[in-house]
Amino acid sequence: MRPLTEEETKVVFEKLANYIGRNISFLIDNPSNPHVFRLQKDRVYYVSDQVARFATSVSRQQLMSVGTCFGKFTKTGKFRLHITSLPYLSQYAKFKIWIKQNGEMPYLYGNHVLKAHVGRMSDDIPEHAGVIVYSMNDTPLGFGVSAKSTNEARSLQPTAIVAFRQGDIGEYLREEDTLFT
């Protein structure tokens, strides 16, 4: 386990900024409970500073994970967020979409968010911005990228895609064999 390099930190923060904007500072600059980002086997973990210091006494081969996995780096150097980061993303989300109950199951099975399933949307969502998807009772279900801006989405047909799915809580079951390996 090691700290992120400057280039890795830039890539991770750019991805996080797409979803939570300037609220990244709340993840790191918390004086009462400081947290850091650490890299272990191409996976980025968000871990308490105190736990990170304790984990240095464990060898890299013996350490499986520590803290919350925020995502992983691909072989090409891109960063992909994991669904395990959803509690932190939803806490500081800039743009939100709430889906109706009839749209929850299709979304959790891995489909995109359709216009017919949208109950509410945040105002002023730009096109291709990171959004957090909620159920109507404010339970975070996943995250994705808006296909259209809020103004364009209002005039779409019911079968049109409003947000592209990037991750949803159904992944815990669909990908349980590979999610944590």
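- Looking up the chain in an unreviewed UniProt entry gives the name 60S ribosome subunit biogenesis protein NIP7, with the organism given as Suhomyces tanzawaensis NRRL Y-17324.
- Quoted verbatim from the Subunit (unreviewed entry) field of UniProt, the annotation for the chain is "Interacts with pre-ribosome complex."
- In UniProt, the chain has this text filed under Sequence similarities (unreviewed entry): "Belongs to the NIP7 family."

**A closer look at the UniProt feature "domain: PUA" (unreviewed entry) in the chain**
Stage number 1. Taking the UniProt record as the reference, the feature "domain: PUA" (unreviewed entry) is found at residues 95-170.
Stage number 2. Here residues 95-170 runs as 17% helix and 41% strand, with 21 Å between its end C-alpha atoms.

**Brief notes about the packing of aromatic side chains**
Stage number 1. The tally for this structure, following the rule as stated, stands at 10 aromatic pairs.
Stage number 2. A centroid spacing of 5.2 Å and a plane angle of 45° characterise the contact between Tyr46 and Phe70, whose relative ring orientation is tilted. With a gap of 24 residues between them, Tyr46 in strand 3 (residues 43-48) and Phe70 in strand 4 (residues 68-73) connect regions that are remote in the sequence. Of the two residues examined, Tyr46 and Phe70, each falls in the buried class.
Stage number 3. Members of the aromatic cluster, connected to one another through ring pairs, are Phe13, Phe37, Tyr46, Phe70 and Tyr88.
Stage number 4. A cation over an aromatic ring shows up here: Arg120 above the ring of Trp98, its NZ or CZ 4.1 Å from the ring centre.

**Description of the side chain of Ser146**
Stage number 1. Its location among the elements puts Ser146 in strand 10 (residues 140-146).
Stage number 2. The buried category is assigned to Ser146, whose relative accessible area is 1%.

**Here's the deal with the sheet that holds strand 2 (residues 35-40)**
Stage number 1. Taken in spatial order, the five strands make up an open sheet running 1-2-3-4-5, and their pairing is antiparallel. One side of each edge strand has no neighbouring strand; the edge strands of this open sheet are strand 1 (2-3) and strand 5 (79-81).
Stage number 2. Summarising the sheet, strand 2 and strand 3 pair through six bridges and their orientation is antiparallel. Paired with Val36 across the strands is Val47, a residue of strand 3.
Stage number 3. On the sheet, helix 1 (residues 6-20) packs against strand 1, strand 2, strand 3, strand 4 and strand 5 and is oriented at approximately 40° with respect to strand 5.

**Topic: the sheet that holds strand 10**
Stage number 1. Pairing in this open sheet of six strands is mixed, and the strands run 7-11-10-9-6-8 from one edge to the other. Of all strands in the sheet, those with a lone pairing partner are strand 7 (113-114) and strand 8 (118-121), marking the two edges.
Stage number 2. Pairing of strand 6 (residues 96-99) with strand 9 (residues 130-135) involves four bridges; the strand directions are parallel. Among the inter-strand pairings, Lys96 is bridged to a residue of strand 9, identified as Ile132.
Stage number 3. Of the strands in this sheet, strand 9, strand 10 and strand 11 (161-168) are in contact with helix 1, which crosses strand 9 at around 50°.
Stage number 4. In the packing of helix 5 (residues 101-108) onto the sheet, the strands contacted are strand 6, strand 7, strand 9, strand 10 and strand 11, and the crossing angle to strand 10 comes to about 75°.

**Quick word on the pairing of strand 3**
Stage number 1. Counted residue by residue, strand 3 has six buried out of six residues, so it is predominantly covered.
Stage number 2. Of the two faces of strand 3, the one lined by Arg43, Tyr45 and Val47 and the one lined by Val44, Tyr46 and Ser48 are each fully buried.
Stage number 3. Between strand 2 and strand 3, which pair antiparallel in sequence order, lie two residues; one of them, Lys41, sits at a positive phi of approximately 55°.

**A closer look at the domain arrangement of the chain**
Stage number 1. Split by domain assignment, the chain resolves into domain 1 (2-88) and domain 2 (95-175).
Stage number 2. Across the boundary between the two partners, domain 1 contributes nine residues, which contact 17 residues of domain 2.
Stage number 3. Buried surface at the junction of domain 1 and domain 2, both sides included, amounts to about 920 Å², of which 64% is carbon and sulfur.
Stage number 4. Considering only the side of domain 1, the residues that lose the most area to domain 2 are Tyr19, Ile83 and Leu86, jointly responsible for 70% of the buried surface there.
Stage number 5. At the boundary of domain 1 with domain 2, the tally comes to zero salt bridges.
Stage number 6. At the surface where domain 1 touches domain 2, the tally comes to one residue pair in polar contact (both at pLDDT 80 or more).
Stage number 7. The set of elements that each furnish at least two residues to the side of domain 1 that touches domain 2 consists of helix 1 and strand 5.
Stage number 8. The residue inventory of the side of domain 1 that touches domain 2, partitioned by class, reads four nonpolar, four polar and one charged.

Calculation criteria
- Residues numbered from 1 in each chain as written.
- Predicted model: local features only at pLDDT ≥ 70, side-chain atom pairs only at ≥ 80, totals over all residues.
- Heavy atoms only, no water.
- UniProt positions renumbered as here; feature names shortened; annotations may be inferred.
- Helix = DSSP H or I, 4+ residues; strand = E, 2+ residues; numbered from the N terminus.
- Phe/Tyr/Trp six-rings, centres within 6.5 Å; stacked < 30°, edge-to-face > 60°.
- Buried < 20%, exposed > 50% of the residue type's maximum accessible area, 1.4 Å probe, protein only.
- Lys NZ or Arg CZ within 6 Å of the ring centre and 35° of its normal.
- Pairing = 2+ DSSP bridges.
- Contact = heavy atoms within 4.5 Å.
- Axes fitted to C-alpha atoms, helices over the stretch in contact; angles between N-to-C directions.
- Domains from an automatic or database assignment.
- Buried area = accessible area lost by both parts, 1.4 Å probe.
- Salt bridge = Lys/Arg side-chain N within 4 Å of Asp/Glu carboxyl O.
- Polar contact = N/O pair within 3.5 Å; in protein donor to acceptor, adjacent residues only side chain to side chain.
- Nonpolar A, V, L, I, M, F, W, Y, C, P; charged D, E, K, R; others polar.

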